[in-house]
Amino acid sequence: MHETIRVEWKATGPDSCRVAVSGELDLVTAAEVRQALQRAVDENRVVVIDLGGLTFCDCTGLSALLAAARTAQAGDVELRLCAVPHFLARILRLSGTRGSFTIE
């Protein structure tokens, strides 16, 4: 059974927010996450992505996170990942994409 994704957005200041992503970030759910992160980066100067509830991430999910990182960098927005699960930290390391993110 496929676990759904849950994306919760909370303002943490006048130009900052925290986006909590939980569930499975994959081909089925990546578009929803990509859209939410795009909006967060477009509307804030600081975006923290809380991945503590993430249970799975495939290459499509990683692509959604990387798209947010590229958009943030282009717009001079500070983007940070927090509560990165071990499996995702390993994917970031093995894929050589760890340097694309600031990790708390």
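Before any of the text, the structure's been laid out above.
In this report, the structure presented in the accompanying data block is examined. This is a predicted model, so every value here is computed, not measured.

Each value, and the rule that gives it
Residues numbered from 1 in each chain as written. Predicted model: local features only at pLDDT ≥ 70, side-chain atom pairs only at ≥ 80, totals over all residues. Heavy atoms only, no water. Pairing = 2+ DSSP bridges. Helix = DSSP H or I, 4+ residues; strand = E, 2+ residues; numbered from the N terminus. Contact = heavy atoms within 4.5 Å. Axes fitted to C-alpha atoms, helices over the stretch in contact; angles between N-to-C directions. Expected span 1.5 Å × (residues − 1). Buried < 20%, exposed > 50% of the residue type's maximum accessible area, 1.4 Å probe, protein only. Arc of directions from axis to C-beta. Salt bridge = Lys/Arg side-chain N within 4 Å of Asp/Glu carboxyl O. Core = buried A, V, L, I, M, F, W, Y, C linked by side-chain atoms within 4.5 Å.

A look at the sheet that holds strand β4 (residues 78–82)
Strand order in the open sheet made by the five strands is β1-β2-β3-β4-β5, with mixed pairing throughout. Each of the sheet's edge strands pairs with one partner strand only, and the pair in question is β1 (6–13) and β5 (102–103). For β4 and β5, the ladder comprises two bridges, and the chain directions are parallel. Bridged to R80 within β5 is T102. Those strands touched by helix α2 (residues 59–74) are β2 (16–25), β3 (46–57) and β4, and its axis lies near 175° from that of β3. Docked against the sheet, helix α3 (residues 86–95) engages β3, β4 and β5, running at close to 105° with respect to β3.

Description of helix α1 (residues 30–43)
The end-to-end C-alpha distance of α1 is 20 Å, a good match for the 20 Å that 14 residues give at a rise of 1.5 Å each. Along α1, the residues classified as buried are A30, V33, A36, L37, A40 and V41. Across the axial projection of α1, the buried residues extend over an arc of 130°, all falling on one side. Opposite the packed face of α1, turned more than 90 degrees from it, sit the exposed residues A31, Q35 and D42. Those residues of α1 that are buried lie in contact with β1, β2, β3, α2 and β4.

Some details on the pattern of salt bridges
Under the defined criterion, the tally for this structure stands at five salt bridges. A salt bridge links R6 to E8; the shortest N-O distance between them is 2.4 Å. You can call E8 partly exposed: its relative accessible area is 37%. A single network of salt bridges, built from pairs that share partners, joins E78, R80 and E104.

Brief notes about the nonpolar core
Counting residues in hydrophobic clusters, the biggest one holds 29 residues, and the most contacted among them are V47, I49 and L51. For this core, the secondary-structure elements that each account for two or more residues are β2, α1, β3, α2, β4 and α3. With seven residues, the single largest contributor to this core is α2. Those residues in contact with L51, other than ones at most four positions away along the chain, are V21, L65, L81, C82, A83, V84, P85 and L88.

With respect to the pairing of β1
By the bridge criterion, seven bridges tie β1 to β2 in an arrangement that is antiparallel. Across the sheet, the residue bridging to E8 is A20, located in β2. Hairpin geometry of β1 and β2 is characterised by an intervening segment of two residues between the two adjacent antiparallel strands.

Such coordinate-based values are descriptive only and should not be taken to indicate function.
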